[in-house]
Structure formats: structure tokens, C-alpha cells
Amino acid sequence: MLQTLQKAARALTLFTPQYPEWSVGEMAKALELPKSSVSELLSSLAEQGLLRRVGVGRYRLGWRLLELGQTLLKTTEFRDEARAVMQEMVAVWGETMHLAVLEAGTVVYLEKLRGQQGLQVELSGIGVRLPAHCSGVGKVLLAYQPWDAVLRVVGNDQLYPFTPNTITSLDALAEELARVRQRGYAYDLEEVSIGLCCVAAPIRDYEGQVIAAISFSAPTHRFRLHRDQYTRAIIEGAQRISERLGYYGGTSACKPTKSKSPSSVPVI
């Protein structure tokens, strides 16, 4: 049974936006399994609605997964608490905000809200995964993990360079994560996409464990102009969400300079 579940999980993870459809033969080659075994496996998954047949021996993801995904989002308690605070912040600041968690070695986005002047961030979206080493939310989530756990997440090879600003060495990542822990927030300074900057802060549960992160994303020119304001706002927003979850341990001891009130920040 365990082996069957492992094979099913491996099969499902092969479906991506780049490869949304697979034949039995293609799947068998990718999984290095006999075609007969893969045919039986895919047929069983289709019977449960996890896959759907789109031709003779060809499959796509099934609609049951959409139902399960909605159930997951609706039953993730902290998502509702985070969304309420994020909506207030987006209304005030007008930027794009994200809520993310760390799962199976990558950042998974659970929520994305775009304000009136918010930038359309193409690489993010609900359910989208990104490597953790290059984003603000990813660095926050990694910073509160033991280093051996970080190594399991990012591996021992050179980190993928999304832009010339991306951290690509383990030594540089270790130094960056130490800074994030010390100050209580993380920046993405055009590390995922040129022209885009972010600031992120951790969300803690009632035990003080970091379970998620939220971020502001803004065009580089506007982020540079209001960096301190955005940083203080994201720290305070993350603290408000954490308090709703029962955490009252306070904020980071190291904060940016005091910001102006939101009303004094011009809409550009």
C-alpha cells in the first residue's frame, strides 16, 4: 500500500503547467516503471477523480483535486486571519501582498491580493511554488529552520540564479538567513525578477513557531522610495496576524527607522 501511494504521489507531481498532459508510455518512462503498472495506476487515479482521461491512454489532472484544494484553503485556519489583515493593508498601501508557507522544499503561495497600484507579479499565484532561496517569504521561512533542514530544502549544489541579484552560494545564503533572524524580516531586492522588490515578515502560531510569512511586493522605484514604511508595515501586519493566532511574544528587537503614516505616502 505504501509503495502504491508513493507511486501515485510521484505520478501526480509530474503534472505541471509546462507538462499538463501525459500518456501512459511517457509516464512509465518518467517513473521508470512498467507500462502495465502505470496504466493500472493512472486508471485507478482517474476512477477516484484525481485524473481524467482526455484520449486513449492520455491523462490530465482531475477536477477532484480542485475540490480538495478548495477544502485545504478553507480549512487552513490562519489563512482567514491573515487574509483579513492583508485586505486592510492592501486598502491602505495599495500594493500587492502574498501569504506563503514552506512545503516539500519550496515556497507555496496560499493567498495573493493586489491593491489599487499593486504590481502584477507574474511568477506568483495561489498554489504556485517557487524555490525558497530567492524570495522574501522564502528567506523568512528558511531563516527559522535548523541549517541541516535548510540544506535538505535547497540541496548542496549551486542555487538557481533567477537574476544577477539572486543568492547562489550556500555561504551567502547562510549569512543572509542569519541577518533575517536578527532583524526579523527579509528583503527580495530584484532577486526573483528585475524591477520587483519585496519585504517579508514571519507569522507565528500560539507556540511561537513560524508557520507562514507575508510580504509586500512593489516596483523597484517605489520600493526604494518607501522601503522603511513598507518594512515597518509588514512587521506590524505579521505581528497582528500572529496575535490573532494567540502569539504575544513581541516583535523583532531590530526595526527600521520610524515610518511616516500611511496617509503621507503618495500613490504613484
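Scroll up a little and you will see the structure.
Report on the accompanying structure. (Residues numbered from 1 in each chain as written. Predicted model: local features only at pLDDT ≥ 70, side-chain atom pairs only at ≥ 80, totals over all residues. Heavy atoms only, no water.)

1. Quick notes on the overall build of the protein
Within the protein, the regular secondary structure consists of ten helices and nine strands. A burial count over the protein gives 46% of its 268 residues as buried. The contacts of the protein with a sequence gap of at least 6 include a subset with a gap of at least 24, amounting to 56%. Split by element, the accessible area of the protein, about 14100 Å² in all, is 52% carbon and sulfur. (Helix = DSSP H or I, 4+ residues; strand = E, 2+ residues; numbered from the N terminus. Buried < 20%, exposed > 50% of the residue type's maximum accessible area, 1.4 Å probe, protein only. Contact = heavy atoms within 4.5 Å. Areas by Shrake-Rupley, 256 points an atom, 1.4 Å probe, with all protein chains shown as cover.)

2. Details of the sheet that holds strand β1 (residues 22-23)
With antiparallel pairing, the three strands of this open sheet are ordered in space as β1-β3-β2. Of all strands in the sheet, those with a lone pairing partner are β1 and β2 (51-55), marking the two edges. Relative to strand β3 (residues 58-61), β2 is paired through four bridges, and the arrangement is antiparallel. Residue pairing in the sheet places Arg52 in a bridge with Arg60 of β3. Running over the sheet, helix α3 (residues 35-47) touches β2 and β3 and is turned about 110 degrees from β2. (Pairing = 2+ DSSP bridges. Axes fitted to C-alpha atoms, helices over the stretch in contact; angles between N-to-C directions.)

3. Details of the nonpolar core
In this structure, Leu99, Ile214, Phe216 and Ile234 are the most contacted members of the largest nonpolar core, which totals 31 residues. Counting only elements with at least two residues in this core, the list comes to α5 (77-93), β4 (96-103), β5 (106-114), β8 (196-204), β9 (210-219) and α10 (227-244). The element best represented in this core is α5, accounting for seven residues. Excluding anything up to four places from it in sequence, Leu99 contacts Phe78, Arg79, Ala82, Met86, Val108, Tyr109, Leu110, Glu111, Ile203, Ala212, Ala213 and Ile214. (Core = buried A, V, L, I, M, F, W, Y, C linked by side-chain atoms within 4.5 Å.)

4. Examining helix α8 (residues 170-183)
Across its 14 residues, α8 extends 20 Å between first and last C-alpha, which sits within 8% of the 20 Å expected from 1.5 Å per residue. Of the positions making up α8, those classed as buried are Leu173, Glu176, Leu177, Val180 and Arg183. Summarising the axial view, the buried residues of α8 lie within an arc of 135 degrees, below the 170-degree limit, and thus occupy one face. Opposite its buried face, α8 presents the exposed residues Asp171, Glu175 and Gln182, each directed more than 90 degrees away. Looking one or two residues beyond α8, the residue adopting positive phi is Gly184, at roughly 90 degrees. (Expected span 1.5 Å × (residues − 1). Arc of directions from axis to C-beta.)

5. A word on the packing of helix α1 (residues 2-13) against α3
Two numbers describe how α1 lies on α3: the axes approach to 11 Å, and their chain directions differ by 80 degrees. Between α1 and α3, the interaxial angle falls into the category roughly perpendicular. Contacts between α1 and α3 involve Thr4, Lys7, Ala8, Ala11 and Leu12 on the former and, on the latter, Leu41, Leu42 and Leu45. Taken together, the residues of the contact of α1 with α3 break down into six nonpolar, one polar and one charged. (Parallel < 35°, antiparallel > 145°, perpendicular 65-115°, else oblique. Nonpolar A, V, L, I, M, F, W, Y, C, P; charged D, E, K, R; others polar.)

6. What about the packing of helix α2 (residues 24-31) against α3?
Look at α2 against α3: their axes get within 9 Å of each other, and the N-to-C directions meet at 115 degrees. Classified by the interaxial angle, the pair formed by α2 and α3 is roughly perpendicular. Crossing hand, α2 versus α3: right-handed. Contact with α2, carried on its side by Val24, Gly25, Met27 and Ala28, involves Lys35, Val38, Ser39 and Leu42 of α3 and no other residues of that element. The class makeup of the residues in the contact of α2 with α3 is five nonpolar, two polar and one charged. (Left-handed = near helix turned anticlockwise from the far one by under 90°.)

7. Side note on the sheet that holds strand β6 (residues 129-131)
Think of a sheet as strands paired side by side through backbone hydrogen bonds, with each pair either parallel or antiparallel. Across the sheet, which stays open at both edges, the six strands sit in the order β6-β5-β4-β9-β8-β7 with antiparallel pairing between neighbours. Taken across any chain shown, the strands that pair with only one partner, and hence form the sheet edges, are β6 and β7 (186-189). The mean angle between the axes of side-by-side strands here comes to 30 degrees, regardless of whether they run parallel or antiparallel. Judged from the nine bridges that link them, β8 and β9 form a sheet pairing that is antiparallel. The residue bridging Cys198 from the neighbouring strand is Ser217, located in β9. Taken strand by strand, α5 contacts β4, β5, β8 and β9, and its axis lies near 50 degrees from that of β5.

8. Some remarks on the environment of Gly155
Within the element layout of this structure, Gly155 appears in the loop between α7 (147-154) and α8. Classification of Gly155 by relative accessible area gives partly exposed; the value is 23%. Separated by 15 residues in the primary sequence, Gly155 and Leu170 have C-alpha atoms spaced 9.1 Å apart. When neighbours within four sequence positions are excluded, Gly155 is seen to be in contact with Val150 and Leu170.

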